[in-house]
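So you can see what is in the structure, the chains are spelled out below.
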Amino acid sequence: MQKITACAIVLASAIGVSAQAPPVGGTPPLPATDVKGAEIKAFIDKLPKNAISDLPIRTVDVGGYRVGVYGVFRPKSVKQDAILHEVTTTEVYYMLEGAATLVTGGTLVDQRREPPTGTNVRGSRIEGGVSRRVVPGDVVIIPGRTPHWWTDMDGDIRYMIVRSDPSNRIPLKP
């Protein structure tokens, strides 16, 4: 539980959220939103074990843009595509369980847009990216439009994503 609380502070700093921002133009500050460690664990535990799941736990308006907390389960048995989101949304990954290599940057190989009119471009792998081993407690910040790909998974992985969305594309989920 302490790890998740410490991570929340790091994540808030990474996306530019201040704990005591002064009121702007006399507008009172927005309320804080809690997402407890037990809630995150229970949410991810309920995700299907035979598919990659990346679903919102909570998404809020923080005064001009949205921030979402997502639970992710990735089974080792499912093919891991590389992906690039053609949006400005930054993703902050916090590994909860498992270990894998995360490749970022570089070039997607065998590109295809899914769906054809969407903003996600997938590939079979990444060439020329930066590889790093990610283990529980690690945080990785992935800017929008940056290709990323999980590879060399030791087993299933569970992680939390905080998405900072300046375009307000992600739906609210109180």
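As shown above, the structure is provided for reference.
Here goes a summary of the coordinates provided.

**Examining the overall build of the protein chain**
Within the protein chain, the regular secondary structure consists of two helices and 13 strands. Evaluated residue by residue, the protein chain yields a buried proportion of 41% over its 174 residues. If you take every contact in the protein chain between residues at least 6 apart in sequence, the share linking residues at least 24 apart comes to 76%. Put simply, the protein chain shows about 9400 Å² of open surface, and 56% of that area lies on carbon and sulfur atoms.

**Structural notes on the pattern of salt bridges**
If you walk through the whole model with that rule in mind, you get 13 salt bridges. Where D81 meets K79, a salt bridge forms, and the shortest distance between an N and an O atom there is 2.7 Å. Using a relative accessible area of 17% as the deciding quantity, one classes D81 as buried. A salt bridge links R125 to E127; the nearest nitrogen and oxygen atoms lie 3.1 Å apart. Residue classification places E127 among the partly exposed residues on the basis of a relative accessible area of 44%. When salt bridges that share partners are traced, they join K79, D81, R112, E114 and R122 into one network.

**A short note on the sheet that holds strand 13 (residues 157–165)**
One open sheet accounts for five strands, arranged 1-2-13-4-11; its pairing is antiparallel. The open sheet terminates on both sides in strands that have one partner only, identified here as strand 1 (53–61) and strand 11 (139–142). The average angle at which neighbouring strand axes cross in this sheet is 20°, direction not considered. The strands that helix 2 (residues 37–45) touches are strand 1, strand 2 (66–74), strand 4 (90–97) and strand 13; relative to strand 1, the one it contacts most, it runs at about 145°.

**Some details on unusual backbone geometry**
The omega torsion across E114 and P115 is -10°, close enough to zero to call that bond cis. With respect to the helices and strands, P115 occurs in the loop between strand 7 (112–113) and strand 8 (120–123). Positioned with a positive phi, R145 is a non-glycine residue whose angle comes to about 70°. Mapping R145 onto the fold places it in the loop between strand 11 and strand 12 (148–151). Its identity is not glycine, yet D152 carries a phi of approximately 45°, on the positive side.

**As for the nonpolar core**
With 15 residues, the main nonpolar core has Y93, L102, W150, I157 and Y159 as its most contacted residues. Of all the elements in the fold, those that place two or more residues in this core are strand 2, strand 4, strand 5 (100–104), strand 11 and strand 13. Looking at which element gives the most residues to this core, the answer is strand 13, with three residues. Residues in contact with I157, not counting those within four places in the same chain, are V72, F73, R74, M95, E97, G98, A99, A100 and W150. Within the second largest apolar cluster, twelve residues are counted, among which are F43, I44, L47 and Y94.

What counts, and at which threshold
- Residues numbered from 1 in each chain as written.
- Predicted model: local features only at pLDDT ≥ 70, side-chain atom pairs only at ≥ 80, totals over all residues.
- Heavy atoms only, no water.
- Helix = DSSP H or I, 4+ residues; strand = E, 2+ residues; numbered from the N terminus.
- Buried < 20%, exposed > 50% of the residue type's maximum accessible area, 1.4 Å probe, protein only.
- Contact = heavy atoms within 4.5 Å.
- Areas by Shrake-Rupley, 256 points an atom, 1.4 Å probe, with all protein chains shown as cover.
- Salt bridge = Lys/Arg side-chain N within 4 Å of Asp/Glu carboxyl O.
- Pairing = 2+ DSSP bridges.
- Axes fitted to C-alpha atoms, helices over the stretch in contact; angles between N-to-C directions.
- Core = buried A, V, L, I, M, F, W, Y, C linked by side-chain atoms within 4.5 Å.

None of this, on its own, says anything about what the molecule does.
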